[in-house]
Amino acid sequence: MIRRNLYIVGKGKLVVLFLGCILFGISGRVAATLSYEQHILSVITDHYYLIYFMIPMYLFICFSVMEEDTEIVVMRYRSYFRYFLSKWVSVAALAVLFMGIQLLAILLSGIGLPLRNHWNLVGGATQTELFSILSGYFTYPTSCFIVTTLYMLLGLCISGMFCMWIAHFLPNSWTSKVIMAFYIVTAVSIKMPFLQALPITGFHHWIILHHNLTGEYRFLITAITTLSLVIVMLWTAKKYWHWQLSVPSRRRKGLTQYYCREVITKKNLLIMITVTSIITIWKYLQNPDILVADEWIVRLFAGHGTGMLNMLSFLEMLIINGLPICILAAFIERITSNQSIFVTIRLKTRVELLKGMIKTSLIFIVLYGLLFTLIPIILIIALNLRTTEHTIPLLLLCVGLKLLDIMTQFLLMTALYCFTKQITIGFLALVGLNLLCILPVGMSGYLPIGLSSMARIYLPQTQSGVSVVLAYGILMIASSTIFIWLRIRGHNKTFK
Amino acid sequence: MFRLMKNEWKKLKSPVLGAIAILSLVACILSSTLYLDYSLYYDIEAWEIGTELIGFLFPLFVVIPICWNMYYERKNNFLLYTMPRVSKRKYLTAKWLTSAISSFFILFIPYFLSAIFALYVKSPIDPYATADVSVTPFRHIFLELFTQTPLLYAFLLSCWKSLIGIFVMSLGFVLSLYVDNIFVILTGPFIYEILENFILSILGLEKYRLVTAFEPTSLATESIAIGSFLMGLLVISIVIVAVWLYFGKIKRIPVFKV
């Protein structure tokens, strides 16, 4: 089994590991002035290297040997448990090999540095913080290095077993998803303090020793969860090996599902992601000296005021609000003009057609809102803008208004479509209504179309405009009125 | 050819004439009312203010009354029956020529008519601020033409705008040859104009927008160059060819479905 798995893994991945490790080692060496012992310790405790390079490499190797063998192979081991154990031994052997290569690379990368086996650092090195923690537990860097290495080996063995266990008990399509999710928790947790505070154990706790030394109970938590997990894994592999967790397949029935497949496509999502990213980034580049996230969010959702016409911001508002509407209009035109006869036959009532259409579109619009929440958050984190306690509520408030606005516009377009049977007329009416913002403020200030523009909302900075509550009220009333009309009378007007 | 074009004209007659009538009415009313809120020096400036909005929406006006035709002819298989009678190339050429002439007049008549309205029908502007002219010199593109012979200026500019209208209509026409979604056909050129306008604006290349070529007064006079007039047309021509290559040559969608 060991030999076979080695054969499956092949030399390529191990060579990549060796090269990557050497590169990391040398780059660490160039940057700092350390002794040989300190250097090897700093490489093996460098959690960026470990989490973003070594763990993925190891998981990658695990993935290639994880697949269950055929029944004939399993039968030769007489029981599943014995098969599981021997497979685990082979994975452990892989882990030993893996660690060996890594060790070799690390030791090689440090050759030529002076030998000094103590904790004293030349001032200002990046490792100071970490070493001060470690020196509290170990007398020498060398002993620390050995313990860390052994701990990592143990961690790799357990991770390997965990992957095997997941692969056996979950359906094939879910294995990689679960492991990826687990890895993502690991990968993002070093950047997110609140995740670190939670008592959960990730790959990094198994593999990186010093991640367990942060809190008082952290090591205990890791030990207990790991022990219980290992016991559960062994026990289930012995007693319940014939079970397989079957995940109930999602219900893929009904017109809404059918339409969702039409409209929530990769292409449409890509278009939306591109446009939202471009607009958010452009909004930042316009005023790169903004440091507070709140101000930037208000600018992002500023839209266009009333009583004047500024072409650029009007176009921006038109694009932000009109993008999902455009995609949906094209979608409605497509499904209604080329509707398959089979769909018509399977419908029980005409209402269903309109219901499916509106439901799908609302799902799509909500998706757009999610995008418009996520991308600004990512940008705020990436640019390190200063956040206050109002940032997230403000963002949600803006996105909520935007969603309501887009929904109102969409429902209005659908209602017009029901009357005229031409989606283009609905769309043109929306463009016209958006243009009404050039009317004097008194008349157009309360116009529901485009009311999500922050420029029209009362803010402490601007001291003018509609209050947020009133804006929400207007949009709610407008959208629900059209919605109710569509539900009661709309279907009579639609479709022959 | 002439007979074919006459045939095509029969199909397009009512929407095109309707569009011309409505647009002329709107343009004339706007040119002879909107200017009242501004302090102006010349009568012809009222025309510029009145037709500002039309400049933003013009892709809709030239595409919607015309490009529906091809879509429905493809959809109801009318094209199939033309095939034995006339060559494909000849039929499409006649159709495009008729469409081009129609789109030319859809823009030209309202623009020129509203210019005449602004110059001769509405009450003349009282240039009460002429004393200031020497202090802040009046700047305008083609200044001499604009001030001395406003009618000629309006005529030339209307012709130029209508020419751009033909290009925009051609984009819609090419779309209507291949696309099965009438919404995309009718609003495609408009969406193109919005996106082009927006992207070039955020890149700081306002002077190369199609809208700048259409409305040279939308920017400060200094930043207008000869490239401003041609660049937008060049880009839209490239887009038209790209659309044609993509659908016709790469995806190989037949115009005449047998």
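This is a predicted model, so every value here is computed, not measured.

**A few points about the overall build of chain A**
Looking only at helices and strands, chain A features 21 helices and zero strands. A globule of 496 residues ought to have a C-alpha radius of gyration of about 23 Å, yet chain A, at 30 Å, is considerably larger. Projecting the C-alpha coordinates of chain A onto the three principal axes gives extents of approximately 80 × 60 × 40 Å. A fraction of 76% describes how many contacts in chain A between residues 6 or more apart in sequence connect residues 24 or more apart.

**Brief notes about the overall build of chain B**
Of regular secondary structure, chain B possesses eleven helices and zero strands. Reading the secondary structure of chain B in the N-to-C direction produces α-α-α-α-α-α-α-α-α-α-α. Considering only C-alpha atoms, chain B reaches an extent of 70 × 40 × 25 Å along its principal axes. Among the 258 residues that make up chain B, the fraction classed as buried is 39%.

**Quick look at unusual backbone geometry**
In this structure, arginine 78 of chain A takes a positive phi of about 70° despite not being glycine. Residue position: arginine 78 of chain A is located in the loop between helix 4 (71-75) and helix 5 (80-109). Overall, the presence of 9 C-beta atoms within 10 Å leaves arginine 78 of chain A in the exposed class. Positive phi outside glycine occurs at arginine 252 of chain B, with the angle close to 55°. Assignment of secondary structure puts arginine 252 of chain B in the segment after helix 11 (226-250). For arginine 252 of chain B, a count of 7 C-beta atoms within 10 Å puts it in the exposed group.

**Notes on the interface of chain B and chain A**
Taken together, the 14 residues of chain B in the interface contact 16 residues of chain A. Looking at which element gives the most residues to the side of chain B that touches chain A, the answer is helix 9 (residues 182-202) of chain B, with eleven residues.

**Let's talk about the nonpolar core**
Ranked by internal contacts, the top residues of the largest apolar core, which has 118 residues, are Ala329 and Met413 of chain A together with Val62, Val63 and Cys67 of chain B. Considering every element that reaches this core, the biggest residue donor is helix 18 (residues 391-420) of chain A, with 15 residues. Discounting residues that sit within four places of it in the chain, methionine 413 of chain A has contacts with Ile325, Ala329, Ile423, Gly426, Phe427 and Leu430 of chain A. Formed by 48 residues, the second largest nonpolar core is a distinct cluster that contains Leu17, Leu50, Tyr58 and Leu156 of chain A.

**A few points about the packing of helix 1 (residues 2-31) of chain B against helix 3 (residues 52-75) of chain B**
All names here are of chain B. The N-to-C vectors of helix 1 and helix 3 enclose an angle of 165°; their axes lie 8 Å apart at closest approach. Our classification of the angle between helix 1 and helix 3 gives roughly antiparallel. The two elements helix 1 and helix 3 meet at a crossing, and its hand is right-handed. Across from Lys11, Leu12, Pro15, Val16, Ala19, Leu23 and Ala27 in helix 1, the residues of helix 3 making contact are Ile54, Phe61, Pro65, Ile66 and Asn69. Considering only residue class, the contact of helix 1 with helix 3 consists of ten nonpolar, one polar and one charged.

**Let's talk about the environment of threonine 276 of chain A**
Residues and elements named next belong to chain A. Its location among the elements puts threonine 276 in helix 13 (residues 266-286). Between the C-alpha atom of threonine 276 and that of tyrosine 183, which follows or precedes it by 93 residues, the distance is 28 Å. In contact with threonine 276, not counting residues within four places along its chain, are Leu371, Phe372 and Ile375.

**Observations concerning the domain arrangement of chain A**
Here chain A is partitioned into domain 1 (2-239) and domain 2 (258-493). Computed from C-alpha atoms alone, the centre-to-centre distance between domain 1 of chain A and domain 2 of chain A is 47 Å.

**Some points on the packing of helix 15 (residues 311-337) of chain A against helix 18 of chain A**
Residue and element names in this part refer to chain A. Between helix 15 and helix 18, the shortest axis-to-axis distance is 10 Å and the interhelical angle comes to 30°. Relative to helix 18, the element helix 15 lies roughly parallel. Helix-helix and strand crossings are classified by hand; for helix 15 and helix 18 the assignment is right-handed. Of the residues in helix 18, those touching helix 15 at Asn321, Pro324, Ile325, Leu328, Ala329 and Ile332 are Asp405, Ile406, Gln409, Phe410, Met413 and Tyr417. Class assignment of the residues belonging to the contact of helix 15 with helix 18 gives a composition of nine nonpolar, two polar and one charged.

**Things to note about the confidence of the model for chain B**
Residue and element names in this part refer to chain B. The predicted model of chain B averages 84 in pLDDT, with 93% of residues at 70 or higher. Put simply, helix 6 (residues 130-133) is where chain B has its lowest mean pLDDT, 50, and helix 8 (residues 150-178) is where it has its highest, 90. Interface confidence for the predicted complex, given as ipTM, is 0.85, next to a pTM of 0.72.

**Description of the environment of isoleucine 474 of chain A**
All names here are of chain A. Tracing the chain through its elements places isoleucine 474 in helix 21 (residues 468-493). Classification of isoleucine 474 by C-beta neighbours within 10 Å gives partly exposed; the count is 18. Sequence separation of isoleucine 474 and leucine 447 is 27 residues, and the distance between their C-alpha atoms is 8.4 Å. Beyond its immediate sequence surroundings of up to four residues, isoleucine 474 is in contact with Tyr446, Pro448 and Leu451.

**So, helix 1 of chain B**
Residues and elements named next belong to chain B. The end-to-end C-alpha separation of helix 1 is 37 Å, well short of the 44 Å expected for 30 residues at 1.5 Å each. Most pronounced at leucine 12, the bend in helix 1 amounts to some 55°, and the proline proline 15 follows within four residues. Within helix 1 the residues assigned to the buried category are Glu8, Leu12, Val16, Ala19, Ile20, Leu23, Ala27, Cys28, Leu30 and Ser31. Contacts from the buried residues of helix 1 go to helix 2 (43-50), helix 3 and helix 5 (88-121).

**Some points on helix 11 of chain B**
All names here are of chain B. The terminal C-alpha atoms of helix 11, which comprises 25 residues, lie 35 Å apart, in line with the 36 Å expected from a rise of 1.5 Å per residue. Turning to helix 11, its buried residues are Gly232, Ile236 and Ile240. On its buried face, helix 11 is in contact with helix 8 and helix 10 (210-214). Trailing helix 11 by a residue or two, arginine 252 shows a phi angle of about 55°, which is positive.

**A look at the environment of isoleucine 141 of chain B**
Residues and elements named next belong to chain B. With respect to the secondary-structure elements, isoleucine 141 resides in the loop between helix 6 and helix 7 (143-148). C-alpha separation for the pair isoleucine 141 and glutamate 222, spaced 81 residues apart in sequence, amounts to 8.6 Å. Once you skip the residues sitting within four places of it in the chain, isoleucine 141 turns out to touch Pro216, Thr217, Thr221 and Ile224.

Basis of the calculations
- Residues numbered from 1 in each chain as written.
- Chains lettered and ligands numbered in written order.
- Predicted model: local features only at pLDDT ≥ 70, side-chain atom pairs only at ≥ 80, totals over all residues.
- Helix = DSSP H or I, 4+ residues; strand = E, 2+ residues; numbered from the N terminus.
- Rg over C-alpha atoms; globule rule 2.2 N^0.38 Å.
- Contact = placed C-beta atoms within 7 Å.
- Buried ≥ 20, exposed ≤ 12 C-beta atoms within 10 Å, placed from the backbone.
- Core = buried A, V, L, I, M, F, W, Y, C linked by C-beta atoms within 7 Å.
- Axes fitted to C-alpha atoms, helices over the stretch in contact; angles between N-to-C directions.
- Parallel < 35°, antiparallel > 145°, perpendicular 65-115°, else oblique.
- Left-handed = near helix turned anticlockwise from the far one by under 90°.
- Nonpolar A, V, L, I, M, F, W, Y, C, P; charged D, E, K, R; others polar.
- Domains from an automatic or database assignment.
- pLDDT = per-residue confidence, 0-100.
- Expected span 1.5 Å × (residues − 1).
- Bend = angle between axes of the 7 residues up to and from the residue.

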